[in-house]
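# Descriptive analysis of the structure
Listed here are the chains, written in short residue letters.
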Amino acid sequence: MAEGIFLILKNYELIMEIIRLEKVEKIYRSGKTEQKALEGIDLSITTGEFISIAGPSGSGKTTLLNLIGCLDKPTAGEVIVDEVRVKNLDHNQLADLRSQKIGFIFQTFNLIPVLTAYENVEFPLLLRHNTNAEERNKMITGIFAEVGLAEYMHRRPTELSGGQQQRVAVVRALIKKPKLILADEPTANLDSGTGKAILQIMKELNKKNNISFVFSTHDRMVMDFASRLIILKDGKIIKDINQDNSRKN
Amino acid sequence: MLLLLKLAFRNIFRNFRRSLLTFLSISIGIGLSIIIVGILIGTEKQSIRLLVSTRIGHAQVYAAGYVEEELTLPLDYTISGYEALVDELLTIPAVQTAAERILFPATLTDGIDELRITGAGIDAIRENVTFHLADRIVDGTYIAPGEEKILLGDVVAELFGKRVGDPMTIIARTKYGAITALDVEIAGLFNVGNPEIDNNYFFLPLDIAQKILEMENEITEVTLFGNSMDEADALETYLNGRFDTNIYDIVSWKYSSKDLLKLYSMKSKGTQVIYLILFIMISASIMNTMLMSVYERTREIGTLMSLGFRRRNILSLFALEGGFLGAFGGVIGTIIGGAITYYLKIYGLNIEFMIKSGFENFPIGSRIYAEINPASLFYFILIGVSIALLSAVYPSWKGARMEPTEALRAV
Ligand SMILES: Nc1ncnc2c1ncn2[C@@H]1O[C@H](COP(=O)(O)OP(=O)(O)OP(=O)(O)O)[C@@H](O)[C@H]1O
Ligand SMILES: [Mg+2]
């Protein structure tokens, strides 16, 4: 199965821009108080990138990921996802855009507790209505085997360790072959060994499937994993470093 | 859709105790409603049937003007030459039986105590054919024309301390207003099962009543039975077409039991209040359960949204959960309520304690038999589901209109 994706994507030699942010600003308003969370953000993300967003607490990492993930809209500026301007989309269109193009991984795993690991992974496929049961079964069992979770497939999230849950969450984000997977502090709730294992899986999948990953973190070790490191401070990008010399532009 | 159903169904078992409580409140509410309605309809039908079978028949023929004043049992509106009328009535195919009567206000005394009571002069034979009065004699014998004897309710006799064969005196006013009295003997004691008759009526032969009331060849009413209670309206219409309405007032049991029916419609207002309380109870418990679910599962709502769930999907998910609870509760409540009501239909509910506490004259026996209509049971399930769905709408809407980012921030 994974080979399948790999082959399809191999034909896509071009590096395409999937996300562009232009002069993005985000201000939170609650009553009379205003909180500027992001300011003057210009950013471009292309296929196959593995990006880490770092910065002190309150610097705007989560806010930025939410905007990229179409969970929220900017106060000013443009967010363009795969050539679609997010500004003009309504709630339903945003939901559909997320369903089609973006996968999410959360710090707290956020698996649906009433569904088994298998069903959690099946969920995004069911929302997209473009697979039949047999295809789904093949895809899901294949990918579970790949991440070493085959025997845990039919367990509920509460019966899995944090690391196992996060691996299921990674698989859930990946299964629908999105353009981009966003992860807000995916390793913060895991010990460093498990966190590293998760990152390794993410990196492998990134390479194999040419899916871009963007994750935020506080952790130095995690930042080093990324091929591109973006550092935020007070809602602005203060550094954007290419860390992967082997990688061509 | 299948996905939504699966999620909703499993979520019900998530907080099992809370769902169980909600489910119980729905099923108890629905079950109780069914039982209450069953008993009420049963009571109403039973008491009307009793009134029909012991007092008013399917239809009555009076002299024109009588029904306006029937409560005072007037002797001014009488039917004379009634033999021909009764004969003609009995030739009508839709009329099964008919019996003529004089009802008059009287006082019954043994020289020491006296009792205001309704006298009923009856044609002994036709009364028995029509109301089977002879079968209701519990002591002594039935009466025959020409005898100066009466039939008294067993309860009234006990009240007087009288037995079969004892003398009594009837005091009444003649048709012309003069006071008259007649010494009679108690021929028998009856119990027809309708307290209104048992406690307030005595029977005497029609010819004796005519004599003391100076109503030779006159009566106040003919009571008749047709084929069924349902056909009484048609019978009434037919008779009003056939007979001169300037001479006769002809009414069906529906008219004659109007006071009783009015009583029931008042009571049914009372039941509506009970309903309302039950429904509010059900609704509040569902709303509470669903609101708690929505708050507890806020982050999950955010997750579902991030996966591409639309607002409408979130709304449907929670509404479905409420609907499931309503459907389970409604079905189980209906089964249990229906079973209890069915039991009460077959075996009845003993209400002697109620009769002894102020409902002595309520026209119903000591047992109430509930009524149950299978079609209406389905309707109760429907009510359960719709209340549940409606009550779940607000909490579901609260969940659905959350912003994904806000929902995801929740702990
Ligand atoms: N919903 C909100 N309402 C008001 N202010 C908010 C909201 N969300 C974030 N903020 C503010 O916006 C700024 C950026 O917050 P954000 O959550 O993006 O930071 P972060 O870099 O993710 O921090 P952390 O590392 O602690 O997760 C902060 O000052 C925060 O207080
Ligand atoms: Mg954050």
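Residues numbered from 1 in each chain as written. Chains lettered and ligands numbered in written order. Predicted model: local features only at pLDDT ≥ 70, side-chain atom pairs only at ≥ 80, totals over all residues. Heavy atoms only, no water.

## A short note on the overall build of chain A
Scanning chain A for helices and strands turns up eight helices and 10 strands. In terms of C-alpha radius of gyration, chain A reaches 18 Å, essentially the compact-globule figure of 18 Å for 249 residues. When the backbone C-alpha atoms are referred to their principal axes, chain A occupies close to 50 × 40 × 40 Å. Here chain A holds 249 residues, and the buried ones make up 53% of them. Contacts in chain A between residues far apart in sequence, at least 24 positions, make up 71% of those at least 6 positions apart. (Helix = DSSP H or I, 4+ residues; strand = E, 2+ residues; numbered from the N terminus. Rg over C-alpha atoms; globule rule 2.2 N^0.38 Å. Buried < 20%, exposed > 50% of the residue type's maximum accessible area, 1.4 Å probe, protein only. Contact = heavy atoms within 4.5 Å.)

## Some remarks on the interface of chain B and chain A
Reports often express the size of an interface as the amount of accessible area lost when the parts come together. Of the residues lining the interface, 21 residues belong to chain B; the matching set on chain A comes to 27 residues. Taking both partners together, chain B and chain A bury about 2300 Å²; carbon and sulfur atoms supply 62% of that area. Considering only the surface of chain B that becomes buried against chain A, B:Arg10, B:Leu307 and B:Arg310 emerge as the three largest contributors, covering 27% of it. At the junction of chain B and chain A, the tally comes to three salt bridges. With a shortest N-O distance of 2.6 Å, B:Arg10 and A:Glu119 are connected by a salt bridge. (Buried area = accessible area lost by both parts, 1.4 Å probe. Salt bridge = Lys/Arg side-chain N within 4 Å of Asp/Glu carboxyl O.)

## Overview of the site of ligand 1
In the region of ligand 1, 15 residues are neighbours, and A:Ser57, A:Gly58, A:Lys61, A:Thr62 and A:Thr63 sit closest. In this structure, ligand 1 sits where chains A and B come together, each supplying nearby residues. In the environment of ligand 1, an oxygen atom lies 2.9 Å from a nitrogen or oxygen atom belonging to the backbone of A:Gly58. At 2.5 Å, a side-chain N or O of A:Thr63 approaches an oxygen atom of ligand 1. Protein burial of ligand 1: of its 630 Å² of free accessible surface, 73% is covered by the chains. For the shell around ligand 1, the secondary-structure elements that each account for two or more residues are β2 (33-46) and α2 (61-68) of chain A together with α15 (404-409) of chain B. With three residues, the top contributor of residues to the shell around ligand 1 is α2(A). Counted by class, the shell around ligand 1 contains three nonpolar, eight polar and four charged residues. (Near = heavy atom within 4 Å. Polar contact = N/O pair within 3.5 Å; in protein donor to acceptor, adjacent residues only side chain to side chain. Areas by Shrake-Rupley, 256 points an atom, 1.4 Å probe, with all protein chains shown as cover. Nonpolar A, V, L, I, M, F, W, Y, C, P; charged D, E, K, R; others polar.)

## Looking at the sheet that holds strand β1 (residues 17-30) of chain A
Note: strands within a sheet are paired through backbone hydrogen bonds, in either parallel or antiparallel orientation. Residue and element names in this part refer to chain A. The sheet built from four strands is open, its strands ordered β2-β1-β4-β5 with antiparallel pairing. Every interior strand has two partners, whereas the edge strands, β2 and β5 (84-85), have only one. As defined by bridge partners, strand β4 (residues 76-81) adjoins β5 across two bridges and the pair is classed as antiparallel. Each bridged residue has a counterpart across the sheet, and for Ile-80 the counterpart in β5 is Arg-85. Against the sheet, α2 makes contact with β1, β2 and β4, and its axis sits at roughly 55° relative to β2, the strand it touches most. (Pairing = 2+ DSSP bridges. Axes fitted to C-alpha atoms, helices over the stretch in contact; angles between N-to-C directions.)

## Let's talk about the side chain of B:Gln60
Residues and elements named next belong to chain B. Here Gln-60 shows up in strand β1 (residues 59-63). On the basis of relative accessibility, which here comes to 0%, the residue Gln-60 falls in the buried class. There is a polar contact of 2.4 Å between the side chain of Gln-60 and the backbone oxygen of Ile-56. Polar side-chain contacts of Gln-60 include one of 2.3 Å to the side chain of Ser-256. Residues contacting Gln-60, with those up to four places away along its chain left out, are Val-222, Thr-223, Asp-249, Ile-250, Val-251 and Ser-256.

## Observations concerning the packing of helix α6 (residues 162-174) of chain A against helix α7 (residues 192-209) of chain A
All names here are of chain A. Two numbers describe how α6 lies on α7: the axes approach to 10 Å, and their chain directions differ by 15°. In terms of orientation, α6 and α7 fall into the roughly parallel class. Remark: the crossing between α6 and α7 carries right-handed chirality. Between α6 and α7, the residues in contact are Gly-163, Gln-166, Arg-167, Val-170 and Leu-174 and Thr-194, Ile-198, Ile-201, Met-202, Leu-205 and Asn-209, respectively. Partitioned by chemical class, the residues of the contact of α6 with α7 number six nonpolar, four polar and one charged. (Parallel < 35°, antiparallel > 145°, perpendicular 65-115°, else oblique. Left-handed = near helix turned anticlockwise from the far one by under 90°.)

## A few points about the domain arrangement of chain B
Along its sequence, chain B is organised into domain 1 (2-52 + 260-409) and domain 2 (59-225). For domain 1 of chain B and domain 2 of chain B, the distance between their C-alpha centres works out to 51 Å. (Domains from an automatic or database assignment.)

## Quick notes on the packing of aromatic side chains
Residues and elements named next belong to chain B. Throughout the structure, instances matching the rule amount to 18 aromatic pairs over all chains. For the ring pair Tyr-62 and Tyr-66, a centre distance of 4.6 Å and an interplane angle of 10° mean the geometry is stacked. Note on accessibility: Tyr-62 and Tyr-66 belong to one class, buried. Counting every residue linked through ring pairs, the aromatic cluster contains Phe-9, Phe-13, Phe-324 and Phe-328. Positioned above the aromatic ring of Tyr-255 is the side chain of Lys-258, whose terminal nitrogen or guanidinium carbon lies 4.1 Å from the ring centre. (Phe/Tyr/Trp six-rings, centres within 6.5 Å; stacked < 30°, edge-to-face > 60°. Lys NZ or Arg CZ within 6 Å of the ring centre and 35° of its normal.)

## Concerning helix α1 (residues 2-12) of chain B
Every buried residue of α1(B) is listed here: B:Leu3, B:Leu4, B:Leu7, B:Ala8, B:Asn11 and B:Ile12. For α1(B), the angular spread of the buried residues around the axis is 165°, confining them to a single face. Turning to α1(B), the residues buried within the fold contact α4 (117-128) of chain A together with α2 (16-56), α11 (298-306) and α12 (311-347) of chain B. (Arc of directions from axis to C-beta.)

## Details of the packing of α4(A) against α1(B)
As a packed pair, α4(A) and α1(B) sit with axes 11 Å apart at the nearest point and diverge in direction by 145°. Residue-level inspection shows A:Glu119, A:Glu122, A:Phe123, A:Leu126 and A:Leu127 of α4(A) in contact with α1(B), the latter providing B:Leu3, B:Lys6, B:Leu7 and B:Arg10. For the contact of α4(A) with α1(B), the per-class residue count stands at five nonpolar, no polar and four charged.

## Digging into helix α8 (residues 232-242) of chain B
Residue and element names in this part refer to chain B. Of the positions making up α8, those classed as buried are Ala-232, Leu-235 and Leu-239. Looking straight down α8, one finds that the buried residues subtend no more than 55° of arc, so they occupy a single side. For α8, the exposed residues set more than 90 degrees away from the buried face come down to Ala-234, Thr-237 and Gly-241. Buried residues belonging to α8 abut β1, α3 (82-91), β11 (221-225), β12 (248-252) and α9 (253-256).

## Focus: the sheet that holds strand β8 (residues 212-217) of chain A
All names here are of chain A. Reading across from one edge, β6-β7-β8-β3-β9-β10 is the order of the six strands in this open sheet, with mixed pairing throughout. Since the sheet does not close on itself, it has two edges, and those belong to β6 (102-105) and β10 (236-242), each with one partner. On average, each strand axis in the sheet is tilted by 20° relative to the strand beside it, whichever way the strands run. Here β6 runs beside strand β7 (residues 180-184); their pairing, made up of four bridges, is parallel. If you follow Ile-105 over to β7, its bridge partner there is Ala-183. Each of β3 (50-54), β6, β7, β8 and β9 (228-233) is contacted by α2, which is oriented at about 155° to β7, the strand it contacts most. Packing against the sheet, helix α3 (residues 91-101) makes contact with β6 and β7, and its axis sits at approximately 80° to β6.

## Notes on the nonpolar core
Residues and elements named next belong to chain B. Phe-104, Leu-152 and Phe-202 are the most contacted members of the largest nonpolar core, which totals 45 residues. Here Phe-202 is in contact with Phe-104, Ala-106, Leu-108, Ile-117, Thr-118, Gly-119, Ala-120, Ile-150, Leu-151, Leu-152 and Ile-170, once residues within four sequence places are set aside. Counting residues in each nonpolar core, the second largest holds 40 residues, with Leu-4, Ala-8, Phe-324 and Ile-387 among its members. (Core = buried A, V, L, I, M, F, W, Y, C linked by side-chain atoms within 4.5 Å.)

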